[in-house]
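Now for the letters of each chain:
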Amino acid sequence: NAGVTQTPKFQVLKTGQSMTLQCAQDMNHEYMSWYRQDPGMGLRLIHYSVGAGITDQGEVPNGYNVSRSTTEDFPLRLLSAAPSQTSVYFCASRTSGNTDTQYFGPGTRLTVL
Amino acid sequence: SQKIEQNSEALNIQEGKTATLTCNYTNYSPAYLQWYRQDPGRGPVFLLLIRENEKEKRKERLKVTFDTTLKQSLFHITASQPADSATYLCANNAGNMLTFGGGTRLMVKP
């Protein structure tokens with residue numbers, strides 16, 4: 001199993017550009033989520049999904065959109081990038097139980113100029 | 001609001017000693033806490049989960065305690081090794097949302 005994969009690994013955007021961060025998992029996990037990690041702020045939940053067709057907001061959802069059309073994929077869209085969205089983004093997945101082990105991807109480092 | 005806090009200062013210890021990291025929570029009573037390890041440039045990796053009624057849990061050289069009176073979890077690494085150097089994160093589920101502390105960086109010197 002590849003586990004949780006994320007692309008790209010690095011990305012530089014200009015203010016106002018849009019892009020999609022890709023996340024895929026091959027473990028048939030129902031639950032997937034996106035976090036951002038900033039120095040001194042820890043990991044903060046952006047959006048999550050408990051299954052295909054179902055998404056919900058986390059702690060910091062503004063400026064981001066998600067969709068979940070398949071169990072495997074959970075892309076994160078930045079509609080109009082802002083410098084405040086410069087961060088490292090992590091995708092994670094787990095089975096349906098809240099105490100189940102959460103598996104993280106390797107991260108995408110995004111810089112918005 | 002729920003808050004989970006870790007000492008943001010780095011912890012430096014000598015190889016062979018026991019490292020002890022602290023996670024404090026306020027304004028709520030979590031049913032369980034999780035601990036993760038994160039190496040530079042990588043995603044967090046799950047280590048241990050402890051439930052509020054378990055008080056203590058062990059895995060190899062790792063030990064986690066849960067004190068609901070102090071609202072605190074302690075994470076111990078015994079016989080520490082330079083390879084244990086990393087950032088350690090505690091986290092708690094509030095329903096479907098996992099909330100993380102800021103992490104504590106551990107440096108084990110040979």
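Before going into details, it helps to say that this report is about the structure given with it.

Calculation rules
Residues numbered from 1 in each chain as written. Chains lettered and ligands numbered in written order. Predicted model: local features only at pLDDT ≥ 70, side-chain atom pairs only at ≥ 80, totals over all residues. Heavy atoms only, no water. Phe/Tyr/Trp six-rings, centres within 6.5 Å; stacked < 30°, edge-to-face > 60°. Helix = DSSP H or I, 4+ residues; strand = E, 2+ residues; numbered from the N terminus. Lys NZ or Arg CZ within 6 Å of the ring centre and 35° of its normal. Pairing = 2+ DSSP bridges. Axes fitted to C-alpha atoms, helices over the stretch in contact; angles between N-to-C directions. Contact = heavy atoms within 4.5 Å. Buried area = accessible area lost by both parts, 1.4 Å probe. Salt bridge = Lys/Arg side-chain N within 4 Å of Asp/Glu carboxyl O. Polar contact = N/O pair within 3.5 Å; in protein donor to acceptor, adjacent residues only side chain to side chain. Nonpolar A, V, L, I, M, F, W, Y, C, P; charged D, E, K, R; others polar.

## Thoughts on the packing of aromatic side chains
The tally for this structure, following the rule as stated, stands at eleven aromatic pairs over all chains. Between A:Tyr31 and A:Tyr48, the aromatic rings sit 5.8 Å apart at their centres with planes inclined by 20°, giving stacked as the arrangement. With A:Tyr31 in strand β4 (residues 31–38) and A:Tyr48 in strand β5 (residues 42–51), this pair connects stretches of sequence that are 17 residues apart. Of the aromatic side chains, those joined through ring pairs into one cluster are A:Tyr35, A:Phe104, B:Tyr36, B:Phe46 and B:Phe100. In this arrangement the basic side chain of A:Arg68 is found over the ring face of A:Phe74, its NZ or CZ atom lying 6.0 Å from the centre. One cation-aromatic arrangement involves A:Arg94 over A:Tyr31; the distance from NZ or CZ to the ring centre is 3.8 Å.

## So, the sheet that holds strand β1 (residues 4–7) of chain A
Residue and element names in this part refer to chain A. Read across the sheet, four strands follow the order β1-β3-β8-β7 without closing on themselves; strand pairing throughout is antiparallel. What marks the edges here is a single partner per strand, and that holds for β1 and β7 (64–66). Within this sheet the neighbouring strands show an average axis-to-axis angle of 20°, counted without direction. Across three bridges, the pairing between strand β3 (residues 19–25) and strand β8 (residues 76–78) is antiparallel. When the bridges of β8 are listed, Leu21 appears paired with Leu76.

## Concerning the interface of chain B and chain A
Contact with chain B, which involves 20 residues of that partner, is made by 21 residues of chain A. Between chain B and chain A, roughly 1500 Å² of surface is buried when both sides are summed, and carbon and sulfur atoms account for 53% of that area. Summed over the three residues of chain B that lose the most area to chain A, namely B:Asn96, B:Met97 and B:Phe100, the buried surface amounts to 33% of that side. Applying the counting criterion to the chain B and chain A interface returns zero salt bridges. If you look at where chain B meets chain A, you find two residue pairs in polar contact (both at pLDDT 80 or more). Listing elements by their share of the side of chain B that touches chain A, those giving two or more residues are β4 (32–38), β5 (45–51), β9 (86–94) and β10 (97–100) of chain B. No other element matches β4(B), which puts four residues into the side of chain B that touches chain A. Tallied by class, the residues present in the side of chain B that touches chain A amount to nine nonpolar, nine polar and two charged.

The quantities given are spatial measurements derived from coordinates; they are silent on function.
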